Amino acid sequence: MDDLSWTGIFTHGFIRFWPVWLALVLTFAVSIRYRRRLALYGKLFDSTVGMIGFAFVMFWVFTALFAGMIITHDPLVQLSGMKNALPGAAVKSPAEGSYPWYLLGGDNLARDVFSRMVMGAREVLKIAPAATVFAFIMGITLGLPAGYFGGRLDTFLSFLANLVLAFPVILLFYLLVTPEIVETGIPMYFAAVLFLFPVIFFSVLLNSRFHPNPPRRNLYVGAVLVIGLWAYLGLAFNLDPTGVFAMDPNLLNVFVSVVFVNAPGVFRIVRGLVMDIKARDYVAAGQTRGEGPWYIMLWEILPNARGPLIVDFCLRIGYTTILLGTLGFFGLGVSPESPDWGSTIDDGRKLLSIYPHAALVPALALMSLVLGLNLLADGLREESLRD
Amino acid sequence: MFFFLLRRIGVMILTALALTFVVFYLTNLPPNLEKLAKSEASARMTDDQVDSWLASNGFASPVVQRYGEWLGVVPGWTGTTSDGRPTGRCYNRLPKDAEAPRYCGILQGDWGWSTVFKQPVTEILARSLGHTGWLMLWVMIVMVPTALLIGVLSGMREGTITDRVLSTFSIATTATPEYVSGVILIAIFASATAGISPWLAEHGWISGKTLFQGTATSAMDKITFWNFALPVMTIALYGIGYIARMTRASMTEVMTQQYIRTARLKGVSFRDVVLKHALRNALIAPFTVIMLQFPWLLNGVVIVETLFNYKGFGWTLVQAAGNNDIQLLLACSVVAVFVVLVTQLISDVGYVFLNPRIRLG
């Protein structure tokens, strides 16, 4: 096989992504067809910026989903003679039936840059959205009462939030994401606190709504408690006997640190929104009807604060992606073989001035994902302001 | 105003104490101390030997007491060495026959000894902060005017082509963290095989192999445009987008105000309206944003100094953290926390000062 030219690289790369293109076209066709019935999500397709952003984000989501079909080589396998190979280089003496090129070249350990980038999407999208969701649940659970009740509780929680926000992020990571910390078990205590919040959040959410109807309440809250505490034991303490919920201690540490850094920001936004909304008439009406404070917070205030929160959610996933990249860049908390973008950039930068492709590819990938999320947030903000 | 300031400073000191304690606790965890003992004395120590080394070096007391000693509000520990000489926290590296002071913490100016660089921490800090100071100075000179200009230009006439182009640029830069933009900039401007350098060299327009230098090591002796532009741009780019978006938001809000319309209807030219009426009010919000960017800049400094091998504050922090240099890491944290808190204070006070609509009791 001959080496590929740039047109060749582009065509073959484009073909490799066929499941992604198919899924993207389907998503857009269905969404645009039914956009009038899809509330805020449908309105997104009225804004060009929002659609572009959504396309970028979904491209990477589908890439992560179909990564197994897209990759051309095993991202961890080194092929002889392919060290620092240029983009489009033909594999020397390929095995029967294997892909004949390194589409985007080889890295300094002769691994396929293209496959590593595709697998890296999976690594990033496995953690970033989940960590953001947990940060939001924690921020909302604490921000609602702080904004609604005010007083001492608010002063105390705000002080704690400002404390974390005043910490330079990088310093916090260097202190929290180390093997020594895992040894002492501190991440487990953090996780013990952190994973409790979703259980509390959903029990209170359902309880405040269904407590006039005890049988249904008992069913819903009971289900949340059983599943929640089961997952809680597995994720935080690794005690799940069935092994469905389990997390590698290093990954748990990274996850907990990222949530811990993000939650105070969410807390501040939620608190501000609640303080603004609680002065509205419908909240006063609810109070006059004798509704409980948690019902008002969770079922009256929270749905009305969803616009800014959804926008912030998109921005924050991008921010979390950047944070995870930073962790990888400094080699904190990830295994050295891991194909995630941050550590691939770090690997590639040693030979940056001679063979830039190994660092450039994951760098552009990360940038396009975060850019997509920012554009999506911008589109959503525009559309949610319109009504 | 006075009481507001007093309260703010009180909260700030409380925050600083809490943060430094957290850092102290996390850097003095038992595994870190064990590693310290093994690197300082001998790598093949048994657990008992580690314990006795820690005890004879003052690490056995409770963590709160050691924090007090480090801070300088509790007398430093004292003891005797195996050959009967007095020893203690304050006895290290004393001049001959000098009396050891009772207190020796950071409040007394004793910041400790770096185990990696084998130098007093204060010396290393002074040197590295000097380097980082230059970097920050140039970042500020590039970042603030560019960001404000972009923000004002795009916010002054909302929805025009200029606005759309500049807004897209701002979003793109906020989506590009330093470790990405740094890599891209090096690949374009400082790579011997890719980007524009080979093309320029072919035409003989540059004497060296690359247009810019890919490392900033030489900038520690002498800053030139060619060795300093890339690190400065890398940090500045990420901040530009954010500040520009804030300025734009603030500018568009001001431009819809009644007094702007009145001025326009009176026949004041658009240029004068923007420069004399709108600009001052539109720049209040970005001021706070610029001040609150400092924690972020610190992040950027760490990444860029690592990427460009510039031995400033960020590089020192990474070395200290990576090599378990407890005293140096603590000192770096104190500086970082101090910078963040002081900029927050300035931003709060400055906001009140700039905005006469806010009254404080």
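Position numbers for residues count from 1 along each chain, tracking the sequence in the order it is written. Each chain takes a letter, starting from A, and each ligand takes a number, starting from 1, following the order in which they are written. A pLDDT threshold of at least 70 governs which residues receive local features in this predicted model, and a stricter bar of 80 or more applies before side-chain atom pairs are shown or counted, although totals over entire chains, interfaces and linings include all residues. To obtain the side-chain values, all non-hydrogen atoms of the structure were used and water was disregarded.

### A word on the overall build of chain A
Move 1: Only DSSP runs of H or I reaching four residues or more are called helices, and only runs of E reaching two or more are called strands; each is numbered from the N terminus. A tally of helices and strands in chain A yields 18 helices and two strands.
Move 2: Relative to the compact-globule value of 21 Å for 387 residues, chain A shows a C-alpha radius of gyration of 24 Å, a close match.
Move 3: With respect to the principal axes defined by its C-alpha atoms, chain A has extents near 80 × 55 × 40 Å.
Move 4: Sorting the 387 residues of chain A into buried and exposed places 55% on the buried side.
Move 5: For chain A, the proportion of contacts with a sequence separation of at least 24, taken over those separated by at least 6, is 72%.
Move 6: Counting rule applied: Lys, Arg positive; Asp, Glu negative; His and chain ends not counted. Every charge is mapped to an atom, namely NZ of Lys, CZ of Arg, CG of Asp or CD of Glu. Charge centroids of chain A, computed over 27 positive and 26 negative side chains, lie 9 Å from each other. A radius of gyration in this sense is built from C-alpha atoms; the matching globule rule multiplies 2.2 Å by the number of residues raised to 0.38. Burial classes follow relative accessibility: with a 1.4 Å probe on protein chains only, a residue under 20% of its type's maximum area counts as buried, one over 50% as exposed, and anything between as partly exposed. Only heavy atoms matter for contacts: two residues are in contact if any of them lie within 4.5 Å across the pair.

### Observations concerning a nonpolar patch on the surface
Residues and elements named next belong to chain B.
Move 1: Among the surface-exposed residues, Trp134, Leu137, Trp138, Ile141 and Ile223 lie close enough to one another that they form a single nonpolar patch of about 470 Å² accessible area.
Move 2: Mapped onto the fold, Ile223 is located in the loop between helix H8 (197-202) and helix H9 (225-255).
Move 3: Residue Ile223 is classed as partly exposed on the basis of its relative accessible area of 31%. Exposure above 30% relative accessible area and the absence of a salt bridge qualify a residue for a patch, where like charges join within 9 Å and nonpolar side chains (Val, Leu, Ile, Met, Phe, Trp, Tyr) within 5 Å. The accessible surface values rely on the Shrake-Rupley method and a 1.4 Å probe; as for residues, cover is taken only from the protein chains in view. The salt bridge criterion pairs a side-chain nitrogen of Lys or Arg with a carboxyl oxygen of Asp or Glu, the two atoms within 4 Å.

### Digging into the packing of aromatic side chains
All names here are of chain B.
Move 1: To pair, rings of Phe, Tyr and Trp, with the six-membered ring standing in for Trp, must have centres within 6.5 Å; the planes then decide the type, stacked if under 30 degrees apart, edge-to-face if over 60, and tilted in the middle. Evaluation of the coordinates by the stated rule reveals 34 aromatic pairs over all chains.
Move 2: Each ring, one from Phe24 and one from Tyr67, has its centre 5.6 Å from the other, and the planes form 65°; the classification is edge-to-face. Taken together, the residues Phe24 in helix H1 (residues 2-27) and Tyr67 in helix H4 (residues 63-71) connect sequence positions 43 residues apart. The same class applies to Phe24 as to Tyr67, namely buried.

### Focus: the nonpolar core
Residues and elements named next belong to chain A.
Move 1: Side-chain atoms within 4.5 Å link the members of a nonpolar core, which is a set of buried Ala, Val, Leu, Ile, Met, Phe, Trp, Tyr and Cys residues. Met117, Phe173, Phe195, Phe330 and Trp341 are the most contacted members of the largest nonpolar core, which totals 205 residues.
Move 2: Sorting elements by how many residues they give to this core places helix H6 (residues 113-149) first, with 17 residues.
Move 3: Not counting chain neighbours up to four residues away, the residues in contact with Phe173 comprise Ser257, Val258, Val261, Leu323, Leu327 and Leu332.

### Observations regarding the interface of chain B and chain A
Move 1: Counting residues at the interface gives 49 residues for chain B and 41 residues for chain A.
Move 2: Here chain B packs against chain A, burying approximately 3900 Å² in sum over the two surfaces, 79% of which is carbon and sulfur.
Move 3: Polar contact is defined as a pair of N or O atoms within 3.5 Å, subject to the rule that within protein one atom must be able to donate a hydrogen and the other to accept it, and that residues adjacent in sequence are counted only when both atoms are side-chain atoms. At the surface where chain B touches chain A, the tally comes to six residue pairs in polar contact (both at pLDDT 80 or more).
Move 4: At the level of secondary structure, the elements contributing two or more residues to the side of chain B that touches chain A comprise H1, helix H2 (30-40), helix H6 (161-174), helix H7 (178-189), H9, helix H13 (294-307), helix H14 (313-322) and helix H15 (326-354) of chain B.
Move 5: Top contributing element to the side of chain B that touches chain A by residue count: H1 of chain B, with ten residues.
Move 6: Across the side of chain B that touches chain A, the residue classes tally to 36 nonpolar, eleven polar and two charged. A quick way to say it: buried area is the sum, across both parts, of accessible area lost when two parts are put together, with a 1.4 Å probe. Residues are grouped as follows: Ala, Val, Leu, Ile, Met, Phe, Trp, Tyr, Cys and Pro are nonpolar; Asp, Glu, Lys and Arg are charged; all remaining types, including Gly, are polar.

### Thoughts on the pattern of salt bridges
All names here are of chain A.
Move 1: Under the counting rule described, the total for this entry stands at 19 salt bridges over all chains.
Move 2: When the shortest N-O distance is used, the salt bridge between Arg111 and Asp107 registers 3.1 Å.
Move 3: When its relative accessible area of 1% is taken as the criterion, Arg111 is described as buried.
Move 4: Classification of Asp107 as buried rests on a relative accessible area of 6%.
Move 5: A salt bridge links Arg271 to Asp154, with the nearest nitrogen and oxygen atoms 2.6 Å apart. In this pair, Arg271 is assigned in helix H13 (residues 249-277) and Asp154 in helix H7 (residues 151-165), connecting sequence segments 117 residues apart.
Move 6: Among the residues examined, Arg271 registers a relative accessible area of 21% and is labelled partly exposed.

### Examining the side chain of Thr72 of chain A
Residue and element names in this part refer to chain A.
Move 1: Position of Thr72 among the secondary structure elements: in the loop between helix H5 (67-70) and strand E1 (89-90).
Move 2: For Thr72, a relative accessible area of 11% gives the class buried.
Move 3: Here the side chain of Thr72 touches His73 through a polar contact of 3.2 Å, side chain to side chain.
Move 4: A distance of 2.7 Å separates a polar atom in the side chain of Thr72 from a polar atom in the side chain of Asp112.
Move 5: Ignoring any residue separated from it by four or fewer positions in sequence, one finds Thr72 in contact with Arg16, Tyr99, Leu103, Asp112, Phe114 and Ser115.

### Considerations on the packing of helix H4 (residues 48-65) of chain A against helix H18 (residues 357-386) of chain A
Residue and element names in this part refer to chain A.
Move 1: The N-to-C vectors of H4 and H18 enclose an angle of 140°; their axes lie 7 Å apart at closest approach. Taken together, the axes of H4 and H18 lie oblique to each other. Regarding H4 and H18, the two cross each other, and that crossing is left-handed. Residue-level inspection shows Val49, Gly50, Ile52, Gly53, Phe54, Phe56, Val57 and Trp60 of H4 in contact with H18, the latter providing Ala365, Ser368, Leu369, Gly372, Leu373, Leu375, Leu376, Asp378 and Gly379. Working convention: axes come from line fits to C-alpha atoms, limited for helices to the stretch in contact. Angles between N-to-C directions cover 0 to 180 degrees. Note on terminology: angles under 35 degrees are roughly parallel, angles over 145 are roughly antiparallel, angles of 65 to 115 are roughly perpendicular, and the others are oblique. Take the far helix as your reference; a near helix turned counterclockwise from it by less than a right angle gives a left-handed crossing, and one turned clockwise gives a right-handed crossing.

### Points about the confidence of the model for chain B
Residue and element names in this part refer to chain B.
Move 1: Scored by pLDDT, chain B has a mean of 84; 94% of the residues are at 70 or more.
Move 2: One confidence number per residue, pLDDT, is output by the predictor and ranges from 0 to 100. Mean pLDDT across the secondary structure elements of chain B bottoms out at strand E2 (residues 86-88), with 70, and peaks at helix H5 (residues 121-156), with 91.
Move 3: On the interface metric, ipTM, the complex scores 0.85, and its pTM is 0.88.

### Looking at the side chain of Thr27 of chain B
Move 1: Of note, Thr27 of chain B is situated in helix H1.
Move 2: Residue contacts for Thr27 of chain B: discarding those within four places in its chain leaves Leu175 of chain A together with Asn32, Ile326, Leu329 and Leu330 of chain B.

### Some words on helix H1 (residues 6-16) of chain A
All names here are of chain A.
Move 1: For H1, every residue scored as buried is listed here: Gly8, Ile9 and Gly13. An end-on view of H1 places all buried positions within 125° of arc, on one side of the element. Away from its buried face, by an angle of more than 90 degrees, H1 presents the exposed residues Thr7, Phe10 and Ile15. To be clear, the arc concerns the directions from the helix axis to the C-beta atoms.

### Here we look at unusual backbone geometry
Peptide bonds are mostly trans, and most non-glycine residues show a negative phi.
Residues and elements named next belong to chain B.
Move 1: Phi is positive for Asn309, which is not a glycine, with a value near 55°.
Move 2: Its place among the elements puts Asn309 in the loop between H13 and H14.
Move 3: Using a relative accessible area of 31% as the deciding quantity, one classes Asn309 as partly exposed.
Move 4: In the Ramachandran plot, Asn324 falls in the positive-phi region, its phi being about 60° despite a non-glycine side chain.
Move 5: Position of Asn324 relative to the elements: it lies in the loop between H14 and H15.

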